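Remarks on the overall topology
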Amino acid sequence: MEPVFRMLEIACSAGVAVSGSRITYRGLENYPKHGGAVVAINHTSYIDWMPAALSAYQVRRRLRFMIKSEMQEVKVVNFLIKHSGTIPVDRKAGAGAYAVAVEQLRAGELVAVYPEATISRSFELKDFKSGAARMAVEAQVPIVPLIVWGAQRRWTKGHPRKLGRAKIPMTVEVGTPIPPAETIELTDTAMRNAMTDLLHQVQESYEHPPGAYWVPRRLGGSAPTMEEAKALDEAELAERARKQAERQSR
């Protein structure tokens, strides 16, 4: 039953209802009814995990997210991590988390992964890390591509949060499972192609007013281009490194 996970499902469902948002779920039949799979999710928001998790809940399955290990420093979050099958990832030494993820996949779990690792400021797909493809190949499970769209209007990098009753619609589209290919590279390419096609379909079917900050430049919005977003990310990393060096020198 996993009472803590059940509590999270109830709380998230209630939170969405209170916010006035409507989540449109499409392609739920593509979730495997049984057995493990890597669920590869695009990353545009700090809260896109919530509609993704609720999509699995619609078909009575649960996503086991991989989350940065620093979140364990927050007591409440650490409690939830320990009781919800969440997999903490130490970015400096991720081998342990990777092994746990493969073990869970072989045990029949759905492991949720953000191949981009960090939020995309352009709202297009960034370069992928290899972990999702490697897990699928090693565990011999399919990859389920999943697109969340609309959550970036509530909370994303560089813009104020809108977590109240904003009535912002969100879409979750689950794509056709991709079987692991012979190599990690071929698996990664197939995953990226499927996620790109799915993302474009969802973006184009969702309203995209000209000039809106949450709309990609490709569709007439004012979001940074992929090149501009990369420069912003690099500047952020440089500033973070500067602050860390400053703290260490004190």
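Notes on the structure follow. Bear in mind that the values here come from a model prediction, so they are computed numbers and not experimental data.

**Thoughts on helix α6 (residues 184-205)**
For α6, with 22 residues, the first-to-last C-alpha span of 32 Å sits near the 32 Å given by 1.5 Å per residue. If you check which residues of α6 are buried, you get Thr 187, Met 191, Met 195, Leu 198, Leu 199, Val 202 and Gln 203. With its buried residues spanning 130° around the axis, α6 presents them on a single face. Residues of α6 that are buried in the fold lie against β1 (23-26), β2 (37-41), α5 (131-139), β6 (143-149) and β7 (170-174).

**Re the packing of helix α1 (residues 3-19) against helix α3 (residues 75-83)**
Close contact between α1 and α3 brings their axes to 8 Å; oriented N to C, the two are set at 120°. The way α1 lies across α3 gives a crossing that is left-handed. Two secondary-structure elements touch here, α1 through Val 4, Phe 5, Met 7 and Leu 8 and α3 through Phe 79, Leu 80 and His 83. Taken together, the residues that form the contact of α1 with α3 break down as six nonpolar, one polar and no charged.

**Details of the pairing of strand β3 (residues 63-68)**
With three bridges connecting them, β3 and strand β5 (residues 110-113) associate as parallel partners. When the bridges of β5 are listed, Arg 64 appears paired with Val 111. Pairing between β3 and strand β4 (residues 87-89): three bridges, direction parallel. Within β4, the residue paired with Lys 68 across the bridge is Val 89. Each parallel crossover has a hand, and the one from β3 via α3 to β4 is right-handed.

The rules behind each value
- Residues numbered from 1 in each chain as written.
- Predicted model: local features only at pLDDT ≥ 70, side-chain atom pairs only at ≥ 80, totals over all residues.
- Heavy atoms only, no water.
- Helix = DSSP H or I, 4+ residues; strand = E, 2+ residues; numbered from the N terminus.
- Expected span 1.5 Å × (residues − 1).
- Buried < 20%, exposed > 50% of the residue type's maximum accessible area, 1.4 Å probe, protein only.
- Arc of directions from axis to C-beta.
- Contact = heavy atoms within 4.5 Å.
- Axes fitted to C-alpha atoms, helices over the stretch in contact; angles between N-to-C directions.
- Left-handed = near helix turned anticlockwise from the far one by under 90°.
- Nonpolar A, V, L, I, M, F, W, Y, C, P; charged D, E, K, R; others polar.
- Pairing = 2+ DSSP bridges.
- Right-handed = clockwise from strand over helix to strand, strands pointing away.

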